[in-house]
Amino acid sequence: MCIRDRRKKAAKDPERQEQFQQVDEKQEEQKILMRAIRDMNIPKFVAEDIPLFNALFSDLFPSEDIPESQNIIIEEAIRNAFQAEKLQLHESMILKVIQLYDSKRTRHGNMLIGSALSGKSTCWKILSKALNSLNEGEQSKYAGVKTVNLNPKSINLNELFGFVDQNTMEWNEGVLSHLMADICKEESARERWMILDGPVDTLWIESLNTVLDDNKVLTLLNGDRISLPPQVGLIFEVDDLSTASPATVSRLSLIHISEPTRQAEISYAVFCLKKKK
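Residues numbered from 1 in each chain as written. Predicted model: local features only at pLDDT ≥ 70, side-chain atom pairs only at ≥ 80, totals over all residues. Heavy atoms only, no water.

A.B. asks: Run through the nonpolar core, naming residues and quoting values.
C.D. replies: In terms of nonpolar packing, the biggest core is built from 30 residues, with Leu 176, Leu 208, Leu 234 and Phe 236 touching the most fellow members. When residues of this core are traced back to their parent elements, those giving at least two are strand E1 (109–113), strand E2 (145–150), helix H7 (157–161), helix H8 (175–185), strand E5 (191–197), helix H9 (202–205), helix H10 (209–212) and strand E8 (232–238). Ignoring sequence-local partners within four residues, the contact set of Leu 208 consists of Phe 161, Leu 176, Leu 196, Leu 218, Leu 234 and Phe 236. Judged by nonpolar contacts, the second largest core, of 27 residues, contains Leu 100, Tyr 101, Leu 127 and Leu 134. (Core = buried A, V, L, I, M, F, W, Y, C linked by side-chain atoms within 4.5 Å. Buried < 20%, exposed > 50% of the residue type's maximum accessible area, 1.4 Å probe, protein only. Helix = DSSP H or I, 4+ residues; strand = E, 2+ residues; numbered from the N terminus. Contact = heavy atoms within 4.5 Å.)

Take a look at the structure:
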């Protein structure tokens, strides 16, 4: 007896109908769990490790066919943003933008990892442009985005977080703390992203551990505390994680952008040609 016939027969029997509903709910719950495991781990891997992960995933769940997550509205807005910036529509790059969108919905701290010209800056810029365009049409569903940029290695640690002048005993506010306080004080529904574009090392990022965990609070040397509202998030742009500590990495959602160097060079050349037209 096929499943369709069983369902027709179960429709006449309330007890059997309830059993089928319970089975469907369990199967749907299992698929949601499996999709979450896959979608939250795939972005962390470099391109060479993804086939290995897919093979292991298929071995663990051989009878399950999990479809790809689809958000047609977001994907269309991303494609339009690429075209508006006169960029090539690489499916791999579109996927990375979607992965960043999904990661930002689960964590307020995200890290884009990749070499120069791999598309780290393009990834968050396209996403912010796509969300801003959607916000113009559906403000109640999609929030706009405001970004602030900072290279944390361009200044020293005191200038970054602030310090007390030992001669005058006056508090001197840091650049990062000032920018973070500004975007946290803003009262609006739009999202505010702080982009930290520079190498990660323990000299400065360890001070952000309490910001990246569930506390979401930055405590300064003068005792001031800056709490992050739900609309504020951090995005890091780094080449690698060679100097990052496990304590910091475990608090972040990672997205590897490991496009081959040759492909990146070709994309950049085409971009320059289109900009001249």
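A.B. asks: Tell me about the sheet that holds E8, residues and numbers included.
C.D. replies: Pairing in this open sheet of five strands is parallel, and the strands run E2-E5-E8-E1-E9 from one edge to the other. Of all strands in the sheet, those with a lone pairing partner are E2 and strand E9 (253–256), marking the two edges. Here the average twist between neighbouring strands, direction ignored, is 20°. Relative to E8, E1 runs parallel, the two sharing five bridges. Looking at E8, one finds that Ile 113 is bridged to Val 238. Each of E1, E2, E5 and E8 touches helix H6 (residues 120–137); the most contacted strand, E5, lies at about 170° to it. Sitting on the sheet, H8 touches E2, E5 and E8, and the angle it makes with E5 is about 165°. (Pairing = 2+ DSSP bridges. Axes fitted to C-alpha atoms, helices over the stretch in contact; angles between N-to-C directions.)

A.B. asks: Just give me the short version of the pairing of E9, but keep the residues and values in it.
C.D. replies: By the alternation rule, side chains of E9 split into Ser 253 and Ile 255 and Leu 254 and His 256, which are all buried. Where E1 lies against E9, four bridges are found, and the strand directions are parallel. The residue bridging Asn 110 from the neighbouring strand is Ser 253, located in E9.

A.B. asks: Quick one: what's the story with the packing of helix H5 (residues 91–106) against H6, residue by residue and with numbers?
C.D. replies: Their axes nearest at 9 Å, the elements H5 and H6 cross at an angle of 70°. In terms of orientation, H5 lies roughly perpendicular with respect to H6. The handedness of the crossing between H5 and H6 comes out as right-handed. Contact with H5, carried on its side by Met 93, Lys 96, Val 97, Leu 100 and Tyr 101, involves Thr 122, Cys 123, Trp 124, Ile 126, Leu 127 and Leu 131 of H6 and no other residues of that element. The class makeup of the residues in the contact of H5 with H6 is nine nonpolar, one polar and one charged. (Parallel < 35°, antiparallel > 145°, perpendicular 65-115°, else oblique. Left-handed = near helix turned anticlockwise from the far one by under 90°. Nonpolar A, V, L, I, M, F, W, Y, C, P; charged D, E, K, R; others polar.)

A.B. asks: Would you mind going over unusual backbone geometry in detail, with residue names and values included?
C.D. replies: With a phi angle near 60°, Lys 86 is a residue other than glycine that sits in the positive phi range. In this fold, Lys 86 is placed in the loop between helix H4 (72–84) and H5. The class of Lys 86 is partly exposed, set by a relative accessible area of 37%.

A.B. asks: Help me get a handle on the environment of Arg 190, residues and values and all.
C.D. replies: Structurally, Arg 190 can be placed in the loop between H8 and E5. Assessed through its relative accessible area of 34%, Arg 190 is described here as partly exposed. For the pair Arg 190 and Asn 135, spaced 55 residues apart in sequence, the C-alpha to C-alpha distance is 9.0 Å. Every residue in contact with Arg 190, bar those within four places of it in the chain, is listed here: Ala 143, Gly 144, Val 145, Lys 146 and Gln 231. Within the local environment of Arg 190, its side chain forms a polar contact with the side chain of Glu 186, the two groups lying 2.7 Å apart. (Polar contact = N/O pair within 3.5 Å; in protein donor to acceptor, adjacent residues only side chain to side chain.)

A.B. asks: So, the packing of aromatic side chains: which residues are in play, and what are the values?
C.D. replies: Overall, the coordinates contain two aromatic pairs when judged by the stated rule. Taking the centre distance of 5.1 Å and the plane angle of 40° together, the rings of Phe 45 and Phe 53 count as tilted. We classify Phe 53 as buried; its relative accessible area is 14%. Consider the rings of Trp 204 and Phe 236, whose centres lie 6.2 Å apart with planes at 35°: the pair is tilted. In this pair, Trp 204 sits in helix H9 while Phe 236 sits in strand E8, placing the two residues 32 residues apart along the sequence. Looking at Trp 204, the relative accessible area reads 2%, which means it is buried. Accessibility expressed as a relative area gives 0% for Phe 236, which makes it buried. (Phe/Tyr/Trp six-rings, centres within 6.5 Å; stacked < 30°, edge-to-face > 60°.)

A.B. asks: I'd like a description of the pattern of salt bridges, backed by residues and values.
C.D. replies: Summed over the entire model, instances satisfying the criterion amount to nine salt bridges. Lys 120 is the salt-bridge partner of Asp 239, the closest N and O atoms lying 3.9 Å from each other. Of this pair, Asp 239 sits in the loop between E8 and helix H11 (246–249) while Lys 120 is found in helix H6, placing the two residues 119 residues apart along the sequence. Overall, Lys 120 belongs to the buried group, its relative accessible area being 10%. When the shortest N-O distance is used, the salt bridge between Asp 213 and Arg 251 registers 3.8 Å. Here the residue Asp 213 occupies a position in the loop between H10 and strand E6 (217–219), and Arg 251 occupies one in the loop between H11 and E9, the gap between them amounting to 38 residues. According to the relative accessible area criterion, Asp 213 is buried, its value standing at 17%. A residue is classified by how much of its surface remains accessible, and Arg 251, at 24% relative accessible area, is partly exposed. (Salt bridge = Lys/Arg side-chain N within 4 Å of Asp/Glu carboxyl O.)

Just distances and angles here, no functional claims.
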